[in-house]
Amino acid sequence: MMFVSTFQLRIFPDSVILPAGLRRSPLHGENQSPEPSSVAGPGGRLGGAVGSGRAGGPGAGREPPEPPRAAPPRGRAEGGRAGAAAGQAAAMLLRLAPEFELRRDVVPWLVERGCAAALDTSENSSAPYVVNIERNGKIIYTWKGNQRNTHIGLYDLQTKQNEHLYMFEKNLHIISCSINNERTLLAVSFCQYTEEERASQLLQSVSKYLTLLIEIHPINNVRVLKAVDSCVRVQFLYPVEGRSASRESRLLLVSEDKYIEQFDIHVVAEEENTVVIQKSGQLPRAKVVDDLVWAQWDMMEQRLFYIVPKESKSTLRCVQFYPEESFNSILESHLDIAVNDTQLKLVNFGYDYCQDQGVASKSLNLQVFTSKAGGLCVCCSLVSDIPHEIIYSIYFLHKGYNKTFTVSLERTESHQLKEVAFMNLGYYVAAYLPGQFLHLLNIQHPDMLCYSLFLTGEDARIGTLQNCSIQSPWVSTVLDCNAGSLYNVSISDSALLQFLQKSKLDCERLAALHCALLYFQHTEVLERQIIQWISENLSTCHSFDPIQEFIIASLYCRMCPETQNLDKLLPYTSLHDWIGVVPGVICATDIISLPVLEFQNSKGFWEKLNANLESVKYAEPHLHYHSNVLRREWRSLSEESEERRTSAYLRNIFENAKKVLSHLDTWDSETRLVPLFEEEDYQQQLLMGLMVAQLKDHLMRHLQYVGKKKIDQIVLDYVANLLNLVHRIMKEVWRRYQLHSCIFCFDERGSAGEFAVFHIMSRILEAANGMCMPLPPGFHTLHLGLGVRCLPLHTLLHYIDNGILQLTETCVRKLLKDLDDTEQNEKLKFSILMRLPECSRPIPERLSIPVEFLPLNYLTNMLAEIENQGVHPYEKQDHVNARFVEETALKHTMTLLGLKYS
């Protein structure tokens, strides 16, 4: 038996006679010589690539259309650029950047090749549509020619060029198509006729569906893999990137009869670079899975997720395919999803829109998404008994719980309701219902709803996407199967900032702020805009402190990429829990069993997923570093007796602080815009050193494999970045209110800008006290100086008495030196002197630490002078201690000032 065509064929025992309509014919305008070399285009491929100048069609040599400007990488800030063209697009939170469009990238090429029938959309089957997207960015599509021939083409996302692959001399409905990595083999599955044609032509003995394996380097032999009455999908496996060309290909065949098998195909190269299948007999095959009801293909990681029914529940499993031709089941998880008697649903096994449309209403709307951080989510749309109510569940398998969301819709007709579409955005999973809502669910931190964005109305719009035809082939990519358009999807930072600025609810502010800090890579422009928003909304956020959230989330974002599993040990939020509600959506949380993993020496995603599961087993919240540990140590150190505070211990603490401050010696030229880091601060250095010691002990318990040297560096970077962030806030507000570099001039009152900065500094101090975090040296001096300039005396003293303002030697010395002897100033100086605290702090021997809060230097010099003159006012005093010295110094000071001491 032979396959009849216009060129010579090899005969295989398992070949069958194909209908005449399936014979391949040359395209219009091609040389119709029977020689393979004249039939095939350059390199043995029919038609050649656009722009090669050697293809036979009339469109040969035409330059490809100018590709659109690529979307910026994930997290790249837009810089808040505003313009007339930004208007409406900036309002949409999710930004679509077209990567491929049939109308733009394919149709003009077809028209130039004389395929005008491709423009005829009056009959749905005539229009071109996308069939598959391969791992290497090759898009396979099909269209009908002028004689109703069926063509298969390929578009390369990298080169932006089209290529004709194959043609059938019959009007066929292509169901599935895949090309191997070497582009030598093409697998095609199609429907030979409709049910009406079968009845009218009495073709009961002919199979409805045919699956072929075609040699296309050059076009040569054809094998029939399946001739059945059930639909079949095909998908070639792809090796890891960078691997050299292989003589072996593996093909997955997915049957509507609920099984998947793998074919092993060996090819050899013959004369004139002809590549043919090596064996003439049956191709080796292996059964991958049986009795499945749902399957999803992960093309980027070469993984197969599938569900098999088990009693009243379902079992999710995953098969990992490896480059060395092996595969094994690596994951199993039990889901509380009823899937019995459900029609087989396939996800990312090609994109036959017409076929999928008929299956969608009967099958399970479910998708599996993974993230680089080891997140594994199962998204499922559920059926509700209540009209105008949408229910969907997200199984956060890497966290061990499931969240079910219920949304009540308004202003909608029953016939307009469609299923929720799910998209993978990497850090978020999006649940989208056009015209109703957009729910961005945080994958990495899903425990609190306030870190997920729920949008309605105009904020929820995503261009013209219709959810009934949306697929998410890989992360941050969406395919509109109906329109044949592939988009890069990302969150617009400008739209997010607009949403943050107009938000009135704390849950919206928290979600937007968290997204801005952790989703985007930090840029100076974006950071400045966030700080500006924080400075304007310090009094409007009631359930959280925006300064605390900014500092903690920014530190988490900067530090965690450095070391694996560090994200499980550092805090990502200042909140311990969230008891609020998100308007518009109701959430119910259920604990589920953790997935079971079976792998050995696996790296990448599986290793990170396993680490996430282990952290859940060991009570993840307790792994995060918490300031309570530092606070307890601080109090303990303050309450210990002087004998127990050894100089060696304190020396080590201050040495830690010295290392932290040395990290901050390479600041830019604008650093001195704010007068910080210009004095030594015992209190803040002690807190810095304690934080270094405590954080180092915490990390050493859980990251022993990292090494002490690396942990030391992580800890120093963490504390230094903390001080850097406080300085960053100060620098931005200093620049915004146009303050001078030195404001320690007390002969005039402060401006409105200085008062605003004083208020922000007070909130920074409050945030620091709440988290027990150190502040840059000189912060309290600067704060007190602004307070003296901006506050009336009674308010100033009230702030000092309540610990909001702290007296520092630098500021007090300057006050007593610069203020004249007016009655108001003398009252201020006396009030300050009366509030100097006792010196109860231990001073370790041989440590050059400035003594704060003791009588000022000139008072000490005065006492020394009195002693040298032989005047000893304390000769009869039995106990000469620091208290007595302070009282004596104060008495002499008041006498000097002409004040009465009582």
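An unreviewed UniProt entry lists the chain under the name Gamma-secretase activating protein, from Taeniopygia guttata.

Take L366: it is sitting in strand β20 (residues 366–370). Note on L366: relative accessible area 1%, which makes it buried. Taking the C-alpha atoms as reference points, L366 and V347, 19 residues apart in sequence, are found 8.6 Å from one another. Excluding residues that lie within four positions of it along the chain, L366 makes contacts with W294, Q296, I307, I337, V347, V378, C379 and C380.

What follows concerns the pairing of strand β30 (residues 485–491). For β30, the tally of buried residues reaches six of seven residues, placing the bulk of the element in the interior. Note: strand β1 (residues 94–101) against β30, seven bridges, orientation antiparallel. Residue pairing across strands places L96 opposite V489, the latter belonging to β30. Judged from the four bridges that link them, strand β29 (residues 477–480) and β30 form a sheet pairing that is antiparallel. Across the sheet, the residue bridging to V478 is Y487, located in β30.

Another point: the sheet that holds β30. Strand order in the open sheet formed by four strands is β1-β30-β29-β28, and the pairing between neighbours is antiparallel. Either end of the sheet is taken by a strand with one partner, and the two such strands are β1 and β28 (470–471). As judged from the two bridges shared by β28 and β29, these two strands associate in the antiparallel manner. Counterpart to Q471 in the pairing with β29 is L479.

The subject of this paragraph is the nonpolar core. Counting residues in hydrophobic clusters, the biggest one holds 160 residues, and the most contacted among them are Y392, L440 and L453. Tallying contributions element by element places helix α14 (residues 708–736) first for this core, with 15 residues. Ignoring anything within four residues of it in the chain, the contact list for L453 reads L93, L438, H439, L440, L496, F499, E508, A511, A512 and C515. Counting residues in hydrophobic clusters, the runner-up holds 38 residues, among them V131, I179, L213 and I219.

So, about the packing of helix α6 (residues 493–502) against helix α7 (residues 506–518). Two elements in contact, α6 and α7, have axes whose closest approach is 9 Å; the angle formed by their N-to-C orientations is 150°. The pairing of α6 with α7 is recorded here as roughly antiparallel in orientation. Handedness of the α6/α7 crossing: left-handed. In contact with L496, F499 and L500 of α6, α7 contributes E508, R509, A512, L513, C515 and A516. Of the residues in the contact of α6 with α7, the class split is seven nonpolar, no polar and two charged.

With that settled, the discussion passes to the packing of aromatic side chains. Aromatic rings considered in pairs are described by the distance between their centres and by the relative angle of their planes. What the rule picks out here adds up to 20 aromatic pairs. Judged by centre distance (5.2 Å) and plane angle (70°), the rings of Y427 and Y428 are edge-to-face. The burial state of Y427 is the same as that of Y428; both residues are buried. The rings of W297, F321, F327 and F349 are connected pair by pair, giving a single aromatic cluster. Positioned over the ring face of Y259 is K287, at 5.2 Å from the centre of the ring. Here the basic side chain of R303 rests over the ring of F605, its NZ or CZ set 4.5 Å away from the ring centre.

Moving on to unusual backbone geometry. For residues that are not glycine, phi is negative in most cases, and the peptide bond is trans in most cases. At the junction of H217 and P218, the peptide bond is cis and its omega measures out at -5° in the coordinates. Mapping P218 onto the fold places it in the loop between β8 (209–216) and β9 (219–228). Even without a glycine there, the phi angle at Q302 is positive, about 55°. By the element assignment, Q302 lies in the loop between β15 (294–298) and β16 (303–310).

Here the focus is the environment of Y259. Among the structural elements, Y259 can be located in strand β12 (residues 259–269). Sequence-distant contacts of Y259, that is, excluding residues within four places in its chain, are made with K226, L253, V254, K287, V289, D290 and L292. At 3.1 Å, the side chain of Y259 forms a polar contact with the side chain of K226.

Applying the stated criterion across every chain, the model contains 31 salt bridges. E163 is the partner of R183 in a salt bridge, and the nearest nitrogen-oxygen pair spans 2.1 Å. Of the two residues, R183 is situated in the loop between β6 (173–179) and β7 (185–191) and E163 in strand β5 (residues 161–168); the sequence distance between them amounts to 20 residues. You'll find R183 and E163 in the same group, each marked buried. The salt bridge involving R736 is made with E536; its shortest N-O contact spans 2.8 Å. In this pair, R736 sits in helix α14 while E536 sits in helix α8 (residues 524–536), placing the two residues 200 residues apart along the sequence. For R736, a relative accessible area of 35% translates into the label partly exposed.

Conventions we followed
Residues numbered from 1 in each chain as written. Predicted model: local features only at pLDDT ≥ 70, side-chain atom pairs only at ≥ 80, totals over all residues. Heavy atoms only, no water. Helix = DSSP H or I, 4+ residues; strand = E, 2+ residues; numbered from the N terminus. Buried < 20%, exposed > 50% of the residue type's maximum accessible area, 1.4 Å probe, protein only. Contact = heavy atoms within 4.5 Å. Pairing = 2+ DSSP bridges. Core = buried A, V, L, I, M, F, W, Y, C linked by side-chain atoms within 4.5 Å. Axes fitted to C-alpha atoms, helices over the stretch in contact; angles between N-to-C directions. Parallel < 35°, antiparallel > 145°, perpendicular 65-115°, else oblique. Left-handed = near helix turned anticlockwise from the far one by under 90°. Nonpolar A, V, L, I, M, F, W, Y, C, P; charged D, E, K, R; others polar. Phe/Tyr/Trp six-rings, centres within 6.5 Å; stacked < 30°, edge-to-face > 60°. Lys NZ or Arg CZ within 6 Å of the ring centre and 35° of its normal. Polar contact = N/O pair within 3.5 Å; in protein donor to acceptor, adjacent residues only side chain to side chain. Salt bridge = Lys/Arg side-chain N within 4 Å of Asp/Glu carboxyl O.

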